[in-house]
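The chain contents come next:
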Amino acid sequence: MTYWGSGNPAPGYDSSYRPGDNLFTNSAIAFNVANGKMEWYFQYTPNDSRDYDETGTHILIDTKVNGEDRKILTHPGRNGFNYTFDRLNGQFLKAGQYVGKVTWTKGIDPKTGKPVDYDPNKDLQIYAEPANVNADKVTRRVCPDQSGGNNYWPSSYSPKTKTLYIPSVEGCSDITPDHSAHVKGKFAGGTYVNPERLTSSIVLVDPATGEQKARKDLPYPNSAGVLTTAGGIVVTALLDGTIVALDDQTLDELWKINVGTGFNAPPMTYSVDGKQYIAIASGLWRNAKNKLSRSPEMRTASQATVIWVFGL
């Protein structure tokens, strides 16, 4: 089996242009490698109008769920919820909110895994937002931010602690559909802005139960992801140039340094002659840099493409 997360439908912010669930977008999809057939799928946010694609990490874990050995797949959704499935047959098992604020839905149905406000009889989903959510030029506030929650920046599962470490952007977006923006080269169907400062968090979640074990709030957005080590260290980096190491049980800070240039690449680890190292590449791409627009002290931050290496 091979497991894939799929992208969002287009135009991203105008679902009136594409009524229906837009099946297989924003989904986890399992394919049989031998014959190419789809074995199962699960759509996280049908008829999405918030750019909540689900191409981020889908992690395979062998663990116990309710005392029973299960082969599971877990995914921190861009939409703000962490999901767990039986990876052999796609059975939905658990979902729990991991971002600090969710406004687009009132929650996830514990039986189906669908948003509780999802209506399969409607062509356009409103969820928990105002009735005019799909109207032209109407702005609504959406939490989490359109970039997530979690996104392309990887989460990490530690076999040592049997828990998942989710790096998340904390904040909201103001999204405005534009029904005229459906021309060649324009796929958004509208615009978004971040009305307030964005921050981030590292959240420690038990994927078997959905229970949140610990949380560490951080002052700037995270586009780098997180690395866990067998030695009990959690490493991440922020858009302001901070690299930080945390304890894998408590998320207490062990060490940090600011190198003066931001990160949107994940940390990695390797060893040479028995000594272990942590390496991470700096330098922000446009979208990551834009997430600092509401942090005025960072507007003149320098950019440098450097590989930083630290010994453990």
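Throughout what follows, the structure given in this document is the object of discussion. (Residues numbered from 1 in each chain as written. Predicted model: local features only at pLDDT ≥ 70, side-chain atom pairs only at ≥ 80, totals over all residues. Heavy atoms only, no water.)

**Observations concerning the overall build of the chain**
Right, so step 1: Counting secondary structure elements, the chain contains 1 helix and 21 strands.
Right, so step 2: For the chain, the C-alpha radius of gyration of 20 Å lies close to 20 Å, the compact-globule estimate for 312 residues.
Right, so step 3: Residues classed as buried in the chain amount to 53% of the 312 residues present.
Right, so step 4: Across the chain, contacts joining residues at least 24 apart in sequence account for 55% of those joining residues at least 6 apart.
Right, so step 5: Of the roughly 13,800 Å² of accessible surface on the chain, 53% is carried by carbon and sulfur atoms.
Right, so step 6: Across the chain, the centroid of the 32 positively charged side chains sits 2 Å from that of the 32 negatively charged ones. (Helix = DSSP H or I, 4+ residues; strand = E, 2+ residues; numbered from the N terminus. Rg over C-alpha atoms; globule rule 2.2 N^0.38 Å. Buried < 20%, exposed > 50% of the residue type's maximum accessible area, 1.4 Å probe, protein only. Contact = heavy atoms within 4.5 Å. Areas by Shrake-Rupley, 256 points an atom, 1.4 Å probe, with all protein chains shown as cover. Lys, Arg positive; Asp, Glu negative; His and termini not counted. Charge placed at Lys NZ, Arg CZ, Asp CG, Glu CD.)

**Brief notes about the nonpolar core**
Right, so step 1: Ranked by size, the top nonpolar core spans 33 residues in total, and within it Trp40, Phe42, Tyr44, Phe81, Tyr83, Phe85 and Trp104 carry the most contacts.
Right, so step 2: Sequence-distant contacts of Trp40, that is, excluding residues within four places in its chain, are made with Met1, Tyr3, Ala28, Ile29, Ala30, Phe85, Asp86, Arg87, Leu88, Asn89 and Gly90.
Right, so step 3: In terms of nonpolar packing, the next biggest core, distinct from the first, is built from 17 residues, Tyr220, Val244, Leu246 and Leu284 among them. (Core = buried A, V, L, I, M, F, W, Y, C linked by side-chain atoms within 4.5 Å.)

**Brief notes about the packing of aromatic side chains**
Right, so step 1: Counted by the stated rule, this structure contains 19 aromatic pairs.
Right, so step 2: Look at Phe24 and Tyr41: their rings are 4.9 Å apart centre to centre, the planes differ by 80 degrees, and that puts the pair in the edge-to-face class. One end of the pair, Phe24, is in the loop between β1 (2-5) and β2 (27-31); the other, Tyr41, is in strand β3 (residues 38-43), and 17 residues separate them in sequence.
Right, so step 3: Of the aromatic side chains, those joined through ring pairs into one cluster are Tyr3, Trp40, Phe42, Tyr44, Tyr83, Phe85 and Phe92. (Phe/Tyr/Trp six-rings, centres within 6.5 Å; stacked < 30°, edge-to-face > 60°.)

**Some points on the pairing of strand β17 (residues 242-247)**
Right, so step 1: Most of β17 sits inside the fold, with 5 of its 6 residues counted as buried.
Right, so step 2: Relative to β17, strand β16 (residues 233-237) runs antiparallel, the two being bridged by 5 bridges. For Val235, the partnering residue across the bridge sits in β17 and is Ala245.
Right, so step 3: Linkage of β16 to β17, two consecutive antiparallel strands, is achieved through a turn of 4 residues, within which Gly241 is found at a positive phi near 105 degrees.
Right, so step 4: Relative to strand β18 (residues 253-258), β17 is paired through 5 bridges, and the arrangement is antiparallel. If you follow Ile243 over to β18, its bridge partner there is Ile257.
Right, so step 5: What sits between the antiparallel neighbours β17 and β18 is a turn of 5 residues, in which Leu251 has the positive phi angle 65 degrees. (Pairing = 2+ DSSP bridges.)

**Let's talk about the environment of Pro130**
Right, so step 1: Within the fold, Pro130 resides in the loop between β7 (92-97) and β8 (140-142).
Right, so step 2: Spatially, the C-alpha atoms of Pro130 and Lys106 are 13 Å apart, while their sequence positions differ by 24 residues.

**Let's talk about the side chain of Ser155**
Right, so step 1: Here Ser155 shows up in the loop between β8 and β9 (156-158).
Right, so step 2: In this structure Ser155 comes out as buried when scored by relative accessible area, which is 8%.
Right, so step 3: Non-local contacts of Ser155, meaning those with residues more than four positions away in its chain, are made with Thr57, Ile59, Pro76, Asn150, Leu164, Tyr165, Ile166, Pro167 and Val226.

**A look at the state of the cysteines**
Right, so step 1: According to the stated counting rule, one finds 1 disulfide in the structure shown.
Right, so step 2: With a sulfur-sulfur separation of 2.0 Å, Cys143 is cross-linked through a disulfide to Cys172. Because the torsion about its S-S bond is 100 degrees, the bridge between Cys143 and Cys172 counts as right-handed. With Cys143 in the loop between β8 and β9 and Cys172 in the loop between β10 (163-170) and β11 (173-177), the pair connects residues that are 29 residues apart, well separated along the chain. Across the pair, exposure class does not vary: Cys143 and Cys172 are buried alike. (Disulfide = S-S within 2.5 Å.)

**Quick look at the layout of surface pockets**
Right, so step 1: By volume, the largest pocket is sized at about 410 Å³.
Right, so step 2: What lines the largest pocket is a set of 21 residues, among which Asp51, Arg78, Gln146, Asn151 and Asn287 lie closest to the centre.
Right, so step 3: Residue composition of the lining of the largest pocket, grouped by class: 10 nonpolar, 7 polar and 4 charged. (1 Å grid on protein atoms, 1.4 Å probe; cavity = no way out; pocket = protein on both sides within 12 Å on 5 of 7 lines; lining within 4 Å. Points joined across faces, edges and corners; volume = space filled by probe spheres on them. Nonpolar A, V, L, I, M, F, W, Y, C, P; charged D, E, K, R; others polar.)

**Looking at the sheet that holds strand β19 (residues 268-272)**
Right, so step 1: With antiparallel pairing, the 3 strands of this open sheet are ordered in space as β19-β20-β21. The two strands at the open ends of the sheet, each matched to only one other strand, are β19 and β21 (307-311). Across the sheet, the axes of successive neighbouring strands diverge by a mean angle of 30 degrees, strand direction being ignored.
Right, so step 2: Taken together, the 5 bridges between strand β20 (residues 275-281) and β21 define a ladder with antiparallel strand orientation. Bridge assignment links Ile280 to a residue of β21, and that residue is Trp308. (Axes fitted to C-alpha atoms, helices over the stretch in contact; angles between N-to-C directions.)

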